[in-house]
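Listed below, chain by chain, are the residues.
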Number of protein chains: 2
Amino acid sequence: MDIQLKRGMLDVCVLTAIKNEDTYGYQIIKNVKPYVELSESTLYTILKRLESAQMLTVRTSEHDGRLRKYYHITEKGLKRIEEFKEEWKEIMLIYSFIMKEGDND
Amino acid sequence: MDIQLKRGMLDVCVLTAIKNEDTYGYQIIKNVKPYVELSESTLYTILKRLESAQMLTVRTSEHDGRLRKYYHITEKGLKRIEEFKEEWKEIMLIYSFIMKEGDND
DNA sequence: ACGGTATACATCGTATCACGAAGTATTGTT
DNA sequence: AACAATACTTCGTGATACGATGTATACCGT
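Please read all numbers here as calculations on a predicted model, not as lab measurements.

Caption draft 1: Looking closely at the relation of the copies chain A and chain B. Between chain A and chain B, which share one sequence, the superposing operator has a rotation angle of 180 degrees and an axial displacement of 0.0 Å; the RMSD is 0.0 Å. These values place the two chain copies in the arrangement generated by a two-fold rotation axis. Closest approach to the rotation axis among the C-alpha atoms of chain A is made by Arg7(A), whose C-alpha sits 3.2 Å away. Taken as a fraction of all interface residues of chain A, those also at the interface in chain B reach 100%, which identifies the copy contact as same-surface.

Caption draft 2: Layout of the pairing of strand E2 (residues 56-63) of chain B. Note: E2(B) against strand E3 (residues 66-73) of chain B, eight bridges, orientation antiparallel. Along E3(B), the bridge assignment pairs Leu56(B) with Ile73(B).

Caption draft 3: The arrangement of the protein's contact with DNA strand C in detail. In the vicinity of DNA strand C lie 28 residues, with Arg7(A), Ser41(A), Arg49(A), Lys48(B) and Arg68(B) positioned nearest. For DNA strand C, the backbone portion of the atoms within 4 Å of the protein, that is sugar and phosphate, comes to 71%. Separating a phosphate oxygen of DNA strand C from a side-chain N or O atom of Arg68(B) is a distance of 2.5 Å. Contact distances for DNA strand C include 2.8 Å between a phosphate oxygen and a side-chain N or O atom of Lys69(B). Breaking the surface near DNA strand C down by element, the ones donating at least two residues are helix H1 (3-6) and helix H4 (40-52) of chain A together with helix H3 (25-32), helix H4 (40-52) and E3 of chain B. Looking at the surface near DNA strand C element by element, the count peaks at five residues for H4(A).

Caption draft 4: Seen up close, the environment of Gln27(A). Summarising the element assignment, Gln27(A) is placed in helix H3 (residues 25-32). Between the C-alpha atoms of Gln27(A) and Ile46(A), which are 19 residues apart in sequence, the distance is 15 Å.

About the cut-offs
- Residues numbered from 1 in each chain as written.
- Chains lettered and ligands numbered in written order.
- Predicted model: local features only at pLDDT ≥ 70, side-chain atom pairs only at ≥ 80, totals over all residues.
- Heavy atoms only, no water.
- Least-squares fit on C-alpha atoms with pLDDT ≥ 70 in both.
- Contact = heavy atoms within 4.5 Å.
- Pairing = 2+ DSSP bridges.
- Helix = DSSP H or I, 4+ residues; strand = E, 2+ residues; numbered from the N terminus.
- Near = heavy atom within 4 Å.
- Polar contact = N/O pair within 3.5 Å; in protein donor to acceptor, adjacent residues only side chain to side chain.

Structural measurements only, silent on function.
Given below as structure tokens:
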């Protein structure tokens, strides 16, 4: 699908994925896979961005000799999700325009 | 609102705006204004892009001494709108993920 | 006559961001 | 021994929305 269309949703997707329990990158990809394809390079870019924006915190942990970075959502991160839900109304307005004009097919 | 979220929708918005009748830039902005804010620089960038992609054709006309460029949608442009409607299903899937996980507020 | 606003289009530069490619390192499987 | 899976990282690129700025004409109030 068109990459551009997903823009702005992926950040919120990642925040949503870690909302209920702290989790790590590789797991996030698996969790969201049924809903949206997310490459590793994309995910880790997003995680960095969200950390910079203080929407999540990181805790490094070792598991079977392998490094794992567990991500935890912050208040700011939760707020971002709520903001998205508000913004979605505007998106639906744009969508309604496209569908409204398309009723004469 | 978050600019990123609109990405990928604006092209289709513009195509939708000229779908029913040939129209020109300044008018398009007015037409879509109730639904989405669209600056001139953004619009003309999009129109150029859509023309390059052969999704619309241009016809220059004079009106009260002022130049006007009327845009006409092509088959390819109409197809793009239909494609968007298909892609929207994937967008709604992503949206459902965000909402599904948010039911424990 | 003058100034401001509306009409109409154009160009440039910038910031944001998704992603493919490639790499490092360990563990499990065949 | 070879390969897949797990796990994270960095680099470079292409797409694109938009503010700033510019050009030019028409209209309207004072």
